[in-house]
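Each chain is listed here by its residues.
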Amino acid sequence: GFNTQKEPFNNPLVRQAISKAIDRQALVDGIYEGFGIQANGPLSPDIFGYTEDLTSMEYNIEEAKALLAEAGYEDGFSTTIWTNDNPARRDVATVLQQGLKELGIEVEIEMLEWGAYLDKTAAGEHDMFILGWSNATGDADYGLYALFHSSQHGEPGNRAFYTNTKVDELLDAGRREADQAAREAIYKEAMQLLTDDAPMAF
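All of the points below concern the structure found in this document.

Rules and cut-offs
- Within each chain, residue numbers correspond to sequence positions counted from 1 in written order.
- pLDDT decides what is reported in this predicted model: residues at 70 or higher carry local features, side-chain atom pairs at 80 or more are listed and counted, and totals for whole chains, interfaces and linings draw on all residues regardless.
- By convention in this description, side-chain values take in all heavy atoms of the structure and omit both hydrogens and water.
- Lining residues are defined by having an atom within 4 Å of a point belonging to a cavity or pocket. Those points lie on a 1 Å grid over the protein atoms alone, cavities being sets where a 1.4 Å probe fits but cannot get out and pockets being open sets with protein on both sides within 12 Å along at least five of seven lines.
- Grid points are joined across faces, edges and corners, and a volume is the space filled by probe spheres set on the points.
- Helix and strand definitions follow DSSP, with helices as H or I runs of at least four residues and strands as E runs of at least two, each counted in order from the N terminus.
- Note that Gly is not counted as nonpolar here; it falls among the polar residues with everything else outside the nonpolar set of Ala, Val, Leu, Ile, Met, Phe, Trp, Tyr, Cys and Pro and the charged set of Asp, Glu, Lys and Arg.
- Relative accessibility under 20% of the residue-type maximum defines a buried residue, over 50% an exposed one, and the middle range a partly exposed one, all with a 1.4 Å probe and only protein chains included.
- It is the directions from the helix axis to the C-beta atoms that the arc portrays.
- By definition in these notes, contact holds between two residues if any of their heavy atoms fall within 4.5 Å.
- Two N or O atoms form a polar contact when they lie within 3.5 Å of each other; inside protein one atom must be a possible hydrogen donor and the other a possible acceptor, and for residues adjacent in sequence the pair counts only when both atoms belong to side chains.
- The patches reported here contain residues having more than 30% relative accessible area and no salt bridge. Joining distances are 9 Å for like charges and 5 Å for nonpolar side chains (Val, Leu, Ile, Met, Phe, Trp, Tyr).
- We get accessible surface area from the Shrake-Rupley algorithm with a probe of 1.4 Å; when it comes to residues, only the shown protein chains can shield them.
- For this document, the term salt bridge refers to a Lys or Arg side-chain nitrogen within 4 Å of an Asp or Glu carboxyl oxygen.
- We count Lys and Arg on the positive side and Asp and Glu on the negative side, and we leave His and both chain ends out.
- Working definition for charges: the position is that of NZ of Lys, CZ of Arg, CG of Asp or CD of Glu.
- Two strands form a pair only when DSSP identifies at least two bridges running between them.
- As a rule, the C-alpha atoms of each element are fitted with a line to give its axis, helices using only the stretch in contact, and angles between N-to-C directions run from 0 to 180 degrees.
- Working rule for handedness: look at the near helix, and if it is turned counterclockwise from the far one by less than a right angle, call the crossing left-handed; if clockwise, right-handed.
- Pairing of aromatic rings covers Phe, Tyr and Trp, the last counted by its six-membered ring, and requires centre-to-centre distances within 6.5 Å; plane angles under 30 degrees mean stacked, over 60 mean edge-to-face, and any other angle means tilted.
- To qualify as a nonpolar core, a set must consist of buried Ala, Val, Leu, Ile, Met, Phe, Trp, Tyr and Cys residues joined through side-chain atoms within 4.5 Å.

### Description of the layout of surface pockets
Now for step 1: Looking at the largest pocket, its volume works out to about 1,400 Å³.
Now for step 2: In terms of lining residues, the largest pocket is bounded by 46 residues, among which A39, L131, G132, A201 and F202 are the most central.
Now for step 3: Of all elements in the fold, only α2 (24-30), α4 (87-100), α5 (114-122), β3 (128-129) and α6 (140-148) reach the threshold of two or more residues within the lining of the largest pocket.
Now for step 4: Counting residues per element, the lining of the largest pocket draws most heavily on α4, which supplies 4 residues.
Now for step 5: Here the lining of the largest pocket is built from residues that sort into 31 nonpolar, 11 polar and 4 charged.
Now for step 6: Empty space within the second largest pocket amounts to approximately 150 Å³.
Now for step 7: Contributing to the lining of the second largest pocket are 15 residues, with R24, A39, S56, M57 and E58 lying nearest its centre.

### Considering helix α3 (residues 61-70)
Now for step 1: Among the residues of α3, I61, A64, L67 and L68 are the ones counted as buried. One face of α3 carries all of its buried residues, which in axial projection span an arc of 120°. Among the exposed residues of α3, those oriented more than 90 degrees off its buried face are E62 and E70.
Now for step 2: Tucked inside the fold, the buried residues of α3 contact α1 (12-20).
Now for step 3: For α3, the capping residue at the N-terminal end is N60, with a side-chain oxygen 3.2 Å from the backbone nitrogen of E62.
Now for step 4: G72 sits one or two positions beyond α3 and adopts a positive phi of about 95°.

### Examining a negative patch on the surface
Now for step 1: The grouping of D85, E113, D119 and E155 at the surface amounts to a negative patch.
Now for step 2: Summarising the element assignment, E113 is placed in the loop between β2 (106-112) and α5.

### Some points on the sheet that holds strand β1 (residues 78-84)
Now for step 1: Pairing is parallel in the open sheet, where 3 strands are placed in the order β2-β1-β3. A single partner strand is all that each edge strand has here, and the edge strands are β2 and β3.
Now for step 2: In this sheet, β2 lies alongside β1 in parallel orientation, the contact comprising 7 bridges. Opposite T83, over in β2, you have M111 as the bridge partner.
Now for step 3: α4 rests against β1, β2 and β3 of the sheet, and its axis sits at about 170° to β2.

### Observations regarding the packing of α6 against helix α7 (residues 165-176)
Now for step 1: Between α6 and α7, the shortest axis-to-axis distance is 10 Å and the interhelical angle comes to 145°. With respect to the hand of their crossing, α6 and α7 are arranged in left-handed fashion. Only V167, D168, L171, D172 and R175 of α7 make contact with α6, whose side of the interface consists of D141, L144, Y145 and F148.

### Things to note about the packing of aromatic side chains
Now for step 1: Tallied over the full model, the rule gives 7 aromatic pairs.
Now for step 2: When the ring of F9 is compared with that of F77, the centres are 5.9 Å apart and the planes differ by 75°; the resulting orientation is edge-to-face. Note that F9 is positioned in the segment before α1 and F77 in the loop between α3 and β1, a separation of 68 residues in sequence. With respect to burial, F9 and F77 carry one shared label: buried.
Now for step 3: Taking the centre distance of 6.1 Å and the plane angle of 25° together, the rings of W114 and Y117 count as stacked.

### Section: the nonpolar core
Now for step 1: With 25 residues, the main nonpolar core has I18, L100, L103, I105 and M128 as its most contacted residues.
Now for step 2: If you list the elements that add at least two residues to this core, you get α1, α3 and α4.
Now for step 3: Once you skip the residues sitting within four places of it in the chain, I18 turns out to touch F2, F9, F77, L100, I105 and M128.
Now for step 4: Core analysis: the next-biggest nonpolar cluster, separate from the first, contains 24 residues, Y117, L171, A173 and Y187 among them.

Fair warning: the whole summary comes from geometry, so function is off the table for now.
The following block contains the structure:
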């Protein structure tokens, strides 16, 4: 995830560039030993509201370099990525650190104890961070509202401090709508916006 209120992560082109510089299949194969699938967005296939019909940020280092140059960071920049003391997440951070060097982005990894990690990311002290989210209800609302609605900044779940008025409207509509087909259409639109805006690299 990116702290979207901090430079340069307040620029969606930077977020898109980093998202395209991540070889997700390499993470699945190398760190999780093949147990997993690449994410095309913020929901997994077993969740109501998931759709395969998204234009996702696929791995493409040349496109990533072009996006970063368009954002005005052709020579890269220095930043940090936070993780807690989870061995797999630590390994993911290391792979990201190595991969982002191709974009000229120098990443320092900071590993925090779990309680401090949650407190400091809730306070917005981070640049980039690694976290997971388990969906307890099997519904798109649980997988999207806390993480991306602007009313949920910080401790409730939106540690990207992401704000998008249209996404807010869609997530509110998804909570009010009773028709399941209509809800699916609402969440599909929301997920495409989130994928394009890249507050997280899914």
